[in-house]
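Below, each chain spelled out in residue letters.
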4 protein chains.
Amino acid sequence: MSDRAYTLFEEQQKARGINVEQVKSKLKALKIETPSWGYGDSGTRFKVFQKVGVPRNPFEKFEDAAQVHRVTGLCPSVAIHIPWDKVDDYSKLKSHAESLGLSIGAVNPNLFQEEEYMLGSVTNADASIRRKAMEHLLECVDIAKETGSRDVSLWFADGTNYPGQGDIRKRKSWMLEALSEMYKALSPHMRMLIEYKFFEPAFYHTDLADWGMAYNYALKLGPQAEVLVDTGHHAQGTNVEHIVAYLIDEKKLGGFHFNSRKYADDDLIVGTTNPYELFLIFYQIQNAGNDSDAGIRQTVDNIAYMIDQSHSIERKIPAMIRSVLNVQTQCAKALLVNHDEVEEAQQRNDVLGAEDAVRRAFEFDVTPLLHVIREEQGLPLDPMKAYLESSYPQEILARGKGGASW
Amino acid sequence: MSDRAYTLFEEQQKARGINVEQVKSKLKALKIETPSWGYGDSGTRFKVFQKVGVPRNPFEKFEDAAQVHRVTGLCPSVAIHIPWDKVDDYSKLKSHAESLGLSIGAVNPNLFQEEEYMLGSVTNADASIRRKAMEHLLECVDIAKETGSRDVSLWFADGTNYPGQGDIRKRKSWMLEALSEMYKALSPHMRMLIEYKFFEPAFYHTDLADWGMAYNYALKLGPQAEVLVDTGHHAQGTNVEHIVAYLIDEKKLGGFHFNSRKYADDDLIVGTTNPYELFLIFYQIQNAGNDSDAGIRQTVDNIAYMIDQSHSIERKIPAMIRSVLNVQTQCAKALLVNHDEVEEAQQRNDVLGAEDAVRRAFEFDVTPLLHVIREEQGLPLDPMKAYLESSYPQEILARGKGGASW
Amino acid sequence: MSDRAYTLFEEQQKARGINVEQVKSKLKALKIETPSWGYGDSGTRFKVFQKVGVPRNPFEKFEDAAQVHRVTGLCPSVAIHIPWDKVDDYSKLKSHAESLGLSIGAVNPNLFQEEEYMLGSVTNADASIRRKAMEHLLECVDIAKETGSRDVSLWFADGTNYPGQGDIRKRKSWMLEALSEMYKALSPHMRMLIEYKFFEPAFYHTDLADWGMAYNYALKLGPQAEVLVDTGHHAQGTNVEHIVAYLIDEKKLGGFHFNSRKYADDDLIVGTTNPYELFLIFYQIQNAGNDSDAGIRQTVDNIAYMIDQSHSIERKIPAMIRSVLNVQTQCAKALLVNHDEVEEAQQRNDVLGAEDAVRRAFEFDVTPLLHVIREEQGLPLDPMKAYLESSYPQEILARGKGGASW
Amino acid sequence: MSDRAYTLFEEQQKARGINVEQVKSKLKALKIETPSWGYGDSGTRFKVFQKVGVPRNPFEKFEDAAQVHRVTGLCPSVAIHIPWDKVDDYSKLKSHAESLGLSIGAVNPNLFQEEEYMLGSVTNADASIRRKAMEHLLECVDIAKETGSRDVSLWFADGTNYPGQGDIRKRKSWMLEALSEMYKALSPHMRMLIEYKFFEPAFYHTDLADWGMAYNYALKLGPQAEVLVDTGHHAQGTNVEHIVAYLIDEKKLGGFHFNSRKYADDDLIVGTTNPYELFLIFYQIQNAGNDSDAGIRQTVDNIAYMIDQSHSIERKIPAMIRSVLNVQTQCAKALLVNHDEVEEAQQRNDVLGAEDAVRRAFEFDVTPLLHVIREEQGLPLDPMKAYLESSYPQEILARGKGGASW
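Rules and cut-offs
- Residues numbered from 1 in each chain as written.
- Chains lettered and ligands numbered in written order.
- Predicted model: local features only at pLDDT ≥ 70, side-chain atom pairs only at ≥ 80, totals over all residues.
- Heavy atoms only, no water.
- Helix = DSSP H or I, 4+ residues; strand = E, 2+ residues; numbered from the N terminus.
- Rg over C-alpha atoms; globule rule 2.2 N^0.38 Å.
- Buried < 20%, exposed > 50% of the residue type's maximum accessible area, 1.4 Å probe, protein only.
- Contact = heavy atoms within 4.5 Å.
- Areas by Shrake-Rupley, 256 points an atom, 1.4 Å probe, with all protein chains shown as cover.
- Lys, Arg positive; Asp, Glu negative; His and termini not counted.
- Charge placed at Lys NZ, Arg CZ, Asp CG, Glu CD.
- Least-squares fit on C-alpha atoms with pLDDT ≥ 70 in both.
- Buried area = accessible area lost by both parts, 1.4 Å probe.
- Salt bridge = Lys/Arg side-chain N within 4 Å of Asp/Glu carboxyl O.
- Polar contact = N/O pair within 3.5 Å; in protein donor to acceptor, adjacent residues only side chain to side chain.
- Axes fitted to C-alpha atoms, helices over the stretch in contact; angles between N-to-C directions.
- Parallel < 35°, antiparallel > 145°, perpendicular 65-115°, else oblique.
- Left-handed = near helix turned anticlockwise from the far one by under 90°.
- Nonpolar A, V, L, I, M, F, W, Y, C, P; charged D, E, K, R; others polar.
- Phe/Tyr/Trp six-rings, centres within 6.5 Å; stacked < 30°, edge-to-face > 60°.
- Lys NZ or Arg CZ within 6 Å of the ring centre and 35° of its normal.
- UniProt positions renumbered as here; feature names shortened; annotations may be inferred.
- Pairing = 2+ DSSP bridges.
- Right-handed = clockwise from strand over helix to strand, strands pointing away.

Looking now at the overall build of chain A. The helix and strand tally for chain A stands at 16 helices and 10 strands. Expected size for 406 residues packed as a compact globule is a radius of gyration near 22 Å; at 21 Å, chain A falls within 12% of this value. Expressed as a percentage of the 406 residues in chain A, the buried residues total 71%. Contacts in chain A between residues at least 24 apart in sequence constitute 79% of all its contacts with a sequence separation of at least 6. When the accessible area of chain A is evaluated, it comes to approximately 12400 Å², of which 48% is carbon and sulfur surface. For chain A, the distance from the average position of its 45 positive side-chain charges to the average position of its 58 negative side-chain charges is 2 Å.

The next point concerns the relation of the copies chain A and chain D. Of the two same-sequence chains, chain A is brought onto chain D (RMSD 0.0 Å, axial shift 0.0 Å) by a rotation of 180 degrees. As the rotation angle and translation indicate, the two copies are arranged about a two-fold axis. Among all C-alpha atoms of chain A, that of A:Gly212 lies closest to the rotation axis, at 2.1 Å. When the interface residues of chain A are mapped onto chain D, 100% of them again lie at the interface, so the same face is used by both copies.

Bringing the relation of the copies chain B and chain C into the picture now. Once chain B is rotated about the relating axis by 180 degrees and shifted along it by 0.0 Å, it coincides with chain C to within an RMSD of 0.0 Å. When the interface residues of chain B are mapped onto chain C, 100% of them again lie at the interface, so the same face is used by both copies.

On to the interface of chain A and chain D. By a widely used convention, the size of an interface equals the accessible area lost when the partners come together. Chain A puts 57 residues into the contact, and the matching count from chain D is 57 residues. In this assembly, chain A packs against chain D so that about 4700 Å² is buried in total across both faces, 55% of it on carbon and sulfur atoms. Among the residues of chain A in contact with chain D, A:Arg169, A:His242 and A:Tyr246 are the three that bury the most area, contributing 16% of the side total. Across the contact surface, chain A and chain D share 12 salt bridges. One salt bridge connects D:Glu250 with A:Lys172, and the closest N-O pair in it is separated by 2.8 Å. The tally of links between chain A and chain D comes to 32 residue pairs in polar contact (both at pLDDT 80 or more). Every element with two or more residues in the side of chain A that touches chain D is listed here: helix 6 (168-185), strand 7 (205-206), helix 7 (211-221), helix 8 (240-249), helix 9 (275-289), helix 12 (339-347) and helix 13 (351-363) of chain A. With eight residues, helix 7 of chain A is the single largest residue contributor to the side of chain A that touches chain D.

It is worth spelling out the interface of chain B and chain C at this point. Counting from both sides, the interface comprises 57 residues of chain B and, opposite them, 57 residues of chain C. Interface area, chain B with chain C, both sides summed: about 4700 Å², of which 55% is carbon and sulfur. Where chain B meets chain C, there are 12 salt bridges. Close ionic contact of C:Glu250 with B:Lys220 constitutes a salt bridge, the shortest N to O distance being 3.0 Å. For the side of chain B that touches chain C, the secondary structure elements donating two or more residues are helix 6 (168-185), strand 7 (205-206), helix 7 (211-221), helix 8 (240-249), helix 9 (275-289), helix 12 (339-347) and helix 13 (351-363) of chain B.

Moving on to the packing of helix 11 (residues 316-334) of chain C against helix 14 (residues 367-376) of chain C. Residue and element names in this part refer to chain C. Between helix 11 and helix 14, the shortest axis-to-axis distance is 10 Å and the interhelical angle comes to 115 degrees. The angle between helix 11 and helix 14 falls in the class roughly perpendicular. Where helix 11 crosses over helix 14, the two elements pack in a sense that is right-handed. Contacts between helix 11 and helix 14 involve Leu325, Gln328, Thr329 and Ala332 on the former and, on the latter, Leu369, Leu370, Ile373 and Arg374. Tallied by class, residues from the contact of helix 11 with helix 14 come to five nonpolar, two polar and one charged.

Here we take up the environment of A:Ile296. On the secondary structure map, A:Ile296 appears in helix 10 (residues 294-301). In this structure, the C-alpha to C-alpha distance between A:Ile296 and A:Glu250, residues 46 residues apart in sequence, is 8.0 Å. Residues in contact with A:Ile296, not counting those within four places in the same chain, are A:Ile248, A:Asp249, A:Lys251, A:Ala288, A:Asp291 and D:Arg169.

Turning to the packing of aromatic side chains, a few remarks are in order. For the structure shown, the criterion picks out 82 aromatic pairs over all chains. Considering the side-chain rings of A:Tyr263 and B:Phe198, the 5.1 Å spacing of their centres and the 85 degrees angle between planes classify their relative orientation as edge-to-face. Taken together, the residues span two chains, with A:Tyr263 in the loop between strand 9 (253-258) and helix 9 and B:Phe198 in the loop between strand 6 (191-195) and strand 7. Note on accessibility: A:Tyr263 and B:Phe198 belong to one class, buried. Measuring from ring centre to ring centre gives 5.6 Å for A:Tyr276 and A:Phe279, while their planes differ by 10 degrees; the resulting arrangement is stacked. A residue pair is termed a helical-turn pair when its members lie 3 or 4 positions apart in one helix, as A:Tyr276 and A:Phe279 do in helix 9 at three residues. Take A:Phe279: its relative accessible area is 0%, and that puts it in the buried class. In textbook terms, an aromatic cluster arises when at least three aromatic residues are bridged by ring pairs, as seen for A:Tyr276, A:Phe279, A:Phe362, C:Tyr276, C:Phe279 and C:Phe362. The ring of C:Tyr246 has B:Lys172 lying over it, and the distance from NZ or CZ to the ring centre is 4.6 Å.

Before going further, it helps to examine the UniProt feature "domain: Xylose isomerase-like TIM barrel" (unreviewed entry) in chain A. Those residues carrying the UniProt feature "domain: Xylose isomerase-like TIM barrel" (unreviewed entry) are residues 88-266 of chain A in this numbering. In residues 88-266 of chain A, the share of helix is 39% and the share of strand is 18%. The end C-alpha atoms are 33 Å apart.

The next subject is the pairing of strand 2 (residues 77-82) of chain C. Here is the key point about a regular strand: its side chains alternate between the two faces of the sheet. Residues and elements named next belong to chain C. Along strand 2, six of the six residues are buried, which leaves the element largely enclosed by surrounding structure. Because side chains alternate across strand 2, one face comprises the buried residues Ser77, Ala79 and His81, and the other comprises Val78, Ile80 and Ile82, equally buried. Pairing between strand 1 (residues 34-35) and strand 2: two bridges, direction parallel. Across the sheet, the residue bridging to proline 35 is alanine 79, located in strand 2. Taken together, strand 1, helix 3 (residues 58-72) and strand 2 form a β-α-β motif whose crossover is right-handed. The pairing of strand 2 with strand 3 (residues 103-109) spans five bridges and is parallel. Residue pairing for strand 3: isoleucine 80 is matched across the bridge by valine 107.

With that out of the way, let us pick up unusual backbone geometry. Across the junction of A:Glu200 and A:Pro201, the peptide omega takes the value 10 degrees, indicating a cis bond. With respect to the helices, strands and loops of the structure, A:Pro201 is situated in the loop between strand 6 (191-195) and strand 7. The omega torsion of the bond from C:Ile82 to C:Pro83 falls at 15 degrees, within 30 degrees of zero and hence cis. With respect to the helices and strands, C:Pro83 occurs in the loop between strand 2 and helix 4 (90-99). One non-glycine residue with positive phi stands out, namely B:Lys251, at about 60 degrees. If you trace the backbone, B:Lys251 turns up in the loop between helix 8 and strand 9 (253-258). A relative accessible area of 35% places B:Lys251 in the partly exposed class. Positive phi, normally seen in glycine, also occurs at D:Asn349, with a value near 50 degrees.

What follows is the structure, encoded as structure tokens:
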């Protein structure tokens, strides 16, 4: 059935003018970074439920991540979070990763869990706390140099809960000071990815609240600073793909933290709430990937796709497998958009024609396509099944409860 | 200055047709229950910051609550949360409360922190977990009988994170089953207050998601079941005072959990984000308090005003003092609305006149009025100052860090 | 290609345990009512753009609606709006409809466009205006009797823009008065469908603001009163399918007004913003349609599916065709959910398994299935193409500009 | 009573360290521009209700605006909208304004009401439509030169309703092209104020959707381009005062369009939904007004305060009086913030102290202060009463119905 399905799919797409070989090659090139912290316990403010089998240290997290890569072929790198993944010897962690067929991806500083950071880290009114935070940022740059990571991803929880609590403009200048000092510490090949968030854990104002603020800092800092879009960090109703297209056009989109939400920053499995939004993000990316401007194409090529989720109730490894499969699925569907057809409809101001040309790609079932590329890559056709039927889920039960959490 | 200010205030209000003595007597009758858990450490999913001096057990929580009552005269009762406030002998806790001039207020079951409740408590697909939850509800009714509490407040975290995860209609019927069994266990003088919440910690669907669902259950259960409005549990843009008025009109408003928010359920100090909303809630309550229908007046008289907040970064006792003062202030302002004037403007369809008649009351400074009633009640004029200058803040430092938290 | 595609589809679904013949028969039974006003000009508060070829009177609106039915086979009835569709002789309109193979569907009163209704219709502080509104409601019941319509759909724009502008509780009682009087006028076979809306055109409070209010009125009125869910009339983040499931479970869901939105009540083509939400609504409906309770099954059978959109920039007839096709597509996908599989996963609390069982159905391409049922029904395989290639789009150009609008 | 009230007020403020004379002088300097279109009929997409007495042409609009200035002393200039206020001879309109004690304020192009602009004006896929829009922008610059206006305010309705409908990045570049050409046409003393809007009338994407996009264009264009903040043009939950502080800090805040909303862009009377937000905006402005950086102080000095509302149900002139009084009131309250006190609390990380120092200013009743400055300026103490008791409301009835509208 699978062969016939693919044959039919290929015929169908060719008839629409889609270059299926190109689609396949682009899909094979898709890489999605998983986060070490996504394998540990996490939860809501009400409760962190502990699961049996959660990794107990950074080394075990990489082992779990290797399982995701083994069955999907999509996840050769793993982002780390300092100090959650602090080890005495990063070369050892690096070797461990490599022995598993993985590399260490983005380094993520943590500036929200020390007692001192309660009222801000790099924007704290207390200069000594700002200094402490600064040292941690510089430490993370050093770690990235050791691990060979290209990207340092910055998310700041800094903000205030009440009007008047902080001086918004002073905090803005302290943020710039910190970013500037850190920027200078980067090696030439490194990037600083600046994340923003609409709210939480700060509830009145967040120092880095939206893409505009992140972009403005990136602009002031220079070409190695770019914006990181977390799909859950926007106000309700925000058109995320618009922001994505905008930032690519300014050559300032550095990467994504993928996740899904219905209300706030729910950090659910990406693609489970509104899969069409994820498809439309990829549609914008691929549209820009065809641009005549080489700088824009280069921006697109360098986008770091990363998962950033909080699996409160899900089994961790299956949740990660589901996440990257959902990204792959929507990326695949978006590759079926016939951009010429869309453009022609746009040019003749044919609203319904243009909408149809985009939506139609979403309605195809890409399962036959994904099966074929997996087969060609020597991967299991059904990665989830392959994982669940492997011995790994049983093996990790021996870890017991009480693994890593945040 | 204070005397002259009050004289002027009184003149001014009398000239507007306000019965100042009645206002004073209503203000003196205002009681706001504080929650035991509001004195402990709490936080966001990212971090619970620990404060020095936080109470280490239910007895110390009542001691802290007594301080709030001592300086404000507003808080003679304290809500408890089971199992956070579980003690061997509730009569001992009751005596302790009484010795401090306090009583035990609403009893709050906790159905979200046991490992079994990860996928629901009373709506869990597993019947044995539902039973466990049921037993806890019944236990709380028993505790309420021991403590002499009139109200049991019910908030359920139950819900799902993904489409398909749970059977929405089955869960609905399980909820009704649990509430029905619990309802039967109530003594005749007791009330069951049913809270609802838009989302969090469930992110796809929450079994008790809005006032309509809470109301519908209350309707099915009978007169001892009423709705509890938490001011932070609504979608953005919801007109909370409309819901308040609606529920009073149906004689189904049982009480409030007061807090404030800008985005989601931020649980900030009530009255710090949009004080006008709090004022408008009291305006609706007082408007209904003058109704010709005795049932509606009785509903208004029995409203339980309670604080429910999460003081992540604030000093606990001052945060609670600020909270109840903010409630008192907006209640006082609302008492200055001249309802006849509003009604006349409404009747002649004078939009701007009616709006002005309401808003004008909000613009008065009620400080002179509050000073006078405090003076008459033998309370400090400035409760916050009185607390901060007392020896208590120093004394509790001896408790050290690591007190009660959730 | 089409035949092979269907063969493959059928095999695939049978292998999953789906009864394809049943799916086909349910799909053939799907009926979606289109609104007469959806064929006229409409717009935003900034501008109503006028299109060439818009129908100039109710008779022409039915002619356009007949085109949608001709190519889709889905739309045998048309809702009317009074006074927009006021005619001297409704039997003439009815005959016209029948001659086109159509019937007259729901009757919609209009209580928001007369100067008197500026501050409310049935909830206006002025009794004579309330009476005028009441007469219009009764007139619409009479019209429904003449047209043979089962449903009268009620949407009230009534509300206020400012705190204090209206007496919320008095307006609540006036609303009940009006609905009660109207309810008494219904014939036994008729239904009153009560719509609610979060906001707009009233911006401070809307008298019928949410499903809870509509439901509460329906409950007070009796079995012929039910709730009408307009998919765009909720706060951001609301779980609409939860409300749908809830109302069905209470046997109080009467019907839908379908449309799509990203922000407010944007009234866009249904299924273009978040098609997954539409799918999940049908999943809930079909899940209830299998219930053991005959009353619930009957509720499901009687749901009125109606489009209610505002085509500001789209060509009207194609926009309507696209709308009903999108509904059909998502309904078809939802019919591919294997409910046993979902239920089993739910029972063993397998979060990811249950989610997958639902989402997987969404990922199928139902085009082969739709082609086959169209073929079997003698309909064009591609309804949009059939319409665009017919002579009708050209013919109506003769109508010129300046057709019906609101 | 009034004198005693002011004496008391002054004593009280002086005791807090407030320089009352400075407050008075700042308040006397406050100028708020009213919009010509705010005097005409406007409404929602459902209905524009027509009022008796609405001005029939630009000249009468200025006469109405003069009434607002006469009683409030706050509104010496009036913004115009082209073509709504198109006249043959702008020098005549200018003389008329001057004869009424007014000047012509910002010029507002209209690019959303011509049939051609249905799918965009400066971002339309059709080059000839883009050119037409461009010509209109240039025409407005010319008009501004004739009227002596400093500011041209730009709001674009441009955007799309469906994914794929328009090429987001191409539209972005067309927007920049248009703004660049217009920028070059400005005289050296002129400013281009770029407005943004979250959504409406475009519902999928709006070309200029947020402050970040407006700011980015302003940055590319040069020092004469600045951002215009419309208080109603943000997503729910957005911290508007944060954006205000941010833009001032970048010396790119050009002005405000004031209005109020609960849900979307409701365009209600400013200060009627959340007056505290308006106060907090002024708190940020005044905080920046004390900055040591002369460029920031200059930015603050040049902020254009403008009303932009849609009075659907209100009497126009009273609605405008209420609007500017609400702005004056919150500006006055914000002037009572003791910035040293706030700063000291911020420096010692005293969350509750800092919050209190800001909120306390809001709680003062500034009526005595406003009475005194009105008295000193020869203005009526109660501007609304003065207007309502004048003969003007009666006189304009002669205009009948059917005045200017949009």
